[in-house]
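Take a look at the letters that make up each chain.
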Amino acid sequence: MQETPKSLDKKRADEKLLVSEMIALYCRKQHKTPKWQLCPACQELQDYALARIDKCPFMETKTFCSACKVHCYKPAMREQIRAVMRWAGPRMLPVHPVLSVKHVAVTLKAKREAQKTDA
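Residues numbered from 1 in each chain as written. Predicted model: local features only at pLDDT ≥ 70, side-chain atom pairs only at ≥ 80, totals over all residues. Heavy atoms only, no water.

## Re the pattern of salt bridges
Where charged atoms from two side chains of opposite charge come close, those side chains can pair.
Point 1. Scanning all chains against the criterion turns up four salt bridges.
Point 2. In this structure, Glu 79 and Arg 82 form a salt bridge, with 3.2 Å as the shortest nitrogen-oxygen distance. Here the residue Glu 79 and the residue Arg 82 both occupy positions in helix α3 (residues 75-88), the gap between them amounting to three residues, near one helical turn.
Point 3. Classification of Arg 82 as partly exposed rests on a relative accessible area of 37%.
Point 4. What you see here is one network of salt bridges that share partners, running through Lys 10, Asp 14 and Lys 102. (Salt bridge = Lys/Arg side-chain N within 4 Å of Asp/Glu carboxyl O. Helix = DSSP H or I, 4+ residues; strand = E, 2+ residues; numbered from the N terminus. Buried < 20%, exposed > 50% of the residue type's maximum accessible area, 1.4 Å probe, protein only.)

## Focus on the confidence of the model for the protein chain
Point 1. Per-residue confidence for the protein chain averages 88 on the pLDDT scale, and 96% of its residues sit at or above 70.
Point 2. Of all secondary-structure elements in the protein chain, the lowest mean pLDDT belongs to helix α5 (residues 97-118), at 82, while helix α2 (residues 40-55) reaches the highest, 96. (pLDDT = per-residue confidence, 0-100.)

## Digging into the side chain of Ser 20
Point 1. Relative to the assigned elements, Ser 20 resides in helix α1 (residues 5-30).
Point 2. Those residues in contact with Ser 20 that sit more than four places away from it in its chain are Gln 46 and Leu 50. (Contact = heavy atoms within 4.5 Å.)

## Structural notes on the environment of Lys 111
Point 1. Following the sequence through the fold, Lys 111 ends up in helix α5.
Point 2. With relative accessibility at 52%, the residue Lys 111 sits in the exposed group.

## Considering α3
Point 1. For α3, spanning 14 residues, the distance from its first C-alpha to its last is 20 Å, which sits close to the expected 20 Å at 1.5 Å a residue.
Point 2. Turning to α3, its buried residues are Met 77, Ile 81, Val 84, Trp 87 and Ala 88. For α3, the angular spread of the buried residues around the axis is 130°, confining them to a single face. Looking at α3, the residues exposed on the side facing more than 90 degrees away from the buried face are Pro 75 and Arg 86.
Point 3. On the buried face of α3, the contacting elements are α1, α2 and α4 (92-95). (Expected span 1.5 Å × (residues − 1). Arc of directions from axis to C-beta.)

## Focus on the packing of aromatic side chains
Point 1. A full pass over the atoms with the stated rule returns two aromatic pairs.
Point 2. Seen in terms of ring centroids, Tyr 26 and Trp 87 are 5.8 Å apart; in terms of plane orientation they differ by 80°. Their pairing is edge-to-face. Of the two residues, Tyr 26 is situated in helix α1 and Trp 87 in helix α3; the sequence distance between them amounts to 61 residues.
Point 3. With a centroid separation of 5.3 Å and an interplanar angle of 80°, the aromatic rings of Tyr 48 and Tyr 73 are classed as edge-to-face. Placement of Tyr 48 in helix α2 and of Tyr 73 in the loop between α2 and α3 is noted, with a sequence separation of 25 residues between them. Here Tyr 48 matches Tyr 73 in class, with each residue buried. (Phe/Tyr/Trp six-rings, centres within 6.5 Å; stacked < 30°, edge-to-face > 60°.)

Structure representation (structure tokens):
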């Protein structure tokens, strides 16, 4: 499925928003930072994640980084983002219901498509 540059840009922007919101939620609750601020470690992680999303050559076909065959994150950053996702993922629904539902829908769709190709 070939995506238009406009839909690809939207997909990239949606992924950036989701990652940013998850990092912000994690930082606010785990590091007790004020709303709209990040601690230096979380700011570094966010900057790194957004740069990786910008440079992703598989954006057109991939769903999420965790499902990607190529891991472009440095090992330390990969562990950090995993910890953030593991903690923030289940807590996103009350904070950002629309983002959460979209994320679940894309995940389920990707799993169905993966099962079709495996069968």
